[in-house]
Amino acid sequence: MNRTKILRLIQSDTPMNAVCITGWVRTKRDSKEFSFIEVNDGSCLKNMQVIAGNTLSNYDDIKRLKTGSAVTVTGNMVASQGKGQKWEIQADRLHIISLTDDSYPLQKKRHSDEFLRDLAHLRPRTNKYGALFRIRSELSYAVHKFFRDRGFIHIHTPIITGLDCEGAGELFKVTTLDLENLQKKCGKIDYTVDFFGKEANLTVSGQLSAEMFALALGDVYTFGPTFRAENSNTRRHAAEFWMVEPEMAFCDLEGDMALSEEMVKYLTAYILNTCQEDLEIFTKFVDKSLLSTLENIANSDYIRLPYETSIEILKRSGKSFEYPIDFGKDLQSEHERYLTEQYFKKPVIIFNFPKETKPFYMRLNDDLKTVAAMDVLVPGIGEIIGGSQREERLDILESRMQEMNLSQEKYWWYMDSRKFGSVPHSGFGLGFERLLMLLTGVSNIRDVIPFPRTPNSIEF
Ligand code: 4AD
Ligand code: MG
């Protein structure tokens, strides 16, 4: 008999005969003649209540079922007499697929996030993490839908690259060299004998590749894993995270900011509309004001603020920040959060940053001091998006690269795109996990990734 997902059964308006479900036992209560078994199959937050009567031939075994055991149940789905559920299944047959024992760690109803982090292989079986990863899946789908509906073309950019897009040197090396017996040439490691014949690393951003495709296909995006070996053990940094990166030809910073706002609003509204049940877990147990925060993100007009003005506001704030702020300095998370949480109380897009704080590819403004960069800041997180208009003028790009000691030879193909049919273009990167943190109120990035990678942590 084919199984039916519990989600489908719960949505039914009418009783159904002879249904079959498969799943894991969440709880079991026994009365004299029956056992009430809550079964969850991961398709939705809700469990299906199963009534197993003592007339079932294997009732003795059923009575020994423990939380976490796997079962197949067949029977009629009828209106439930009990509170809390519309339907229940009166089991004709309850087949035990596998048992579990008392050492199963998810016995108690609620566990701390820290406890569950050490059980990343089991935590999707809890209500909260099941809900979280269903929302993550919906969000991923919504990203593709957003771009597809707007005529963007999806590009699979490489994960192994030879360049450091952001120039921050936070690279994980990729090599097949024998690390115990490194061959050196003139005191340096000889990468000509490595797999690719030169140095290679995991990408920190798909942007440079995406730019090449925007300059051919117009509007494109890439959405994939990116890697950063920054040794910052914060609640919003992971060594492996996913980034959504649109890149648009014939688009300036204004258009870039407009798309970033449209996208954050769209994705927030999408999750509000499609994940109501799963979101409830987070409004109940994580952040009571989550829904009003999300309504604010989905419906308010985002502030557009030049970097220079943001510095003035921060200096005037009278706050004693851990990192003192001045023109020319990068905004720290505490500054970002003050602006978006306390000062404006809604998302803020900061633009025109000092060129010294930003990578080589950003377009130099006419003041020759700032670049056409933008960061989107949101309450609870700070920076969620970083982007810019790209430098399309070959001569200025060359002099910027010289200033920053970057080898133009290494970037020869990137330079080519400025020689042949260069056009104004812009793009940005959205941190997918940071968006998921915003949408669920979860405050640690480790709790929105199936198996998080952070410094000193790669157990699973
Ligand atoms: O601001 P970033 O470094 O921008 C870029 O990489 C550009 N090349 C993107 C582009 O223009 N196509 O990173 C973009 C976003 C950040 O705003 C943040 O949300 C997220 O990526 N991010 C991280 N998320 C989790 N862990 C980390 N270590 C992150 N570093 C950046
Ligand atoms: Mg950034």
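Up top is the structure.
Below you will find a few notes about this structure. All figures in this text were calculated on a predicted structure; none of them were measured in a lab. (Residues numbered from 1 in each chain as written. Chains lettered and ligands numbered in written order. Predicted model: local features only at pLDDT ≥ 70, side-chain atom pairs only at ≥ 80, totals over all residues. Heavy atoms only, no water.)

So, on to the site of ligand 1. Around ligand 1 sit 25 residues in total, of which E166, Q207, R228, E245 and E383 are the nearest. At a separation of 3.3 Å, an oxygen atom of ligand 1 approaches a polar backbone atom of G431. Against a free-state accessible area of 630 Å², the protein chains account for coverage of 94% of ligand 1. Going through the elements one at a time, β12 (240-249), β16 (382-389) and β17 (425-431) are the ones with two or more residues in the shell around ligand 1. Per element, the largest residue contribution to the shell around ligand 1 is 5 residues, and it comes from β16. (Near = heavy atom within 4 Å. Polar contact = N/O pair within 3.5 Å; in protein donor to acceptor, adjacent residues only side chain to side chain. Areas by Shrake-Rupley, 256 points an atom, 1.4 Å probe, with all protein chains shown as cover. Helix = DSSP H or I, 4+ residues; strand = E, 2+ residues; numbered from the N terminus.)

So, on to the side chain of T268. Note that T268 resides in helix α6 (residues 253-274). Of note is the side chain of T268, whose polar atom sits 2.7 Å from the backbone oxygen of V264. If we skip the residues at most four places from it in the chain, T268 touches L294, I297, A298 and L439. (Contact = heavy atoms within 4.5 Å.)

Another point: the pattern of salt bridges. As enumerated under the stated definition, the model contains 29 salt bridges in all. A salt bridge links R418 to E211, with the nearest nitrogen and oxygen atoms 2.8 Å apart. Here the residue R418 occupies a position in helix α12 (residues 412-419), and E211 occupies one in helix α5 (residues 207-217), the gap between them amounting to 207 residues. Just as R418 is buried, E211 falls in that class too. Each of E254, E261, K265, D301 and R304 takes part in one network of salt bridges that share partners. (Salt bridge = Lys/Arg side-chain N within 4 Å of Asp/Glu carboxyl O. Buried < 20%, exposed > 50% of the residue type's maximum accessible area, 1.4 Å probe, protein only.)

A positive phi angle, near 55°, is found at C186, a position not held by glycine. Relative to the elements of secondary structure, C186 occurs in the loop between β8 (184-185) and β9 (188-189). A residue is classified by how much of its surface remains accessible, and C186, at 83% relative accessible area, is exposed. The phi dihedral of L368 is positive, around 60°, even though this residue is not glycine. Within the secondary structure, L368 sits in the loop between β14 (348-354) and β15 (370-378).

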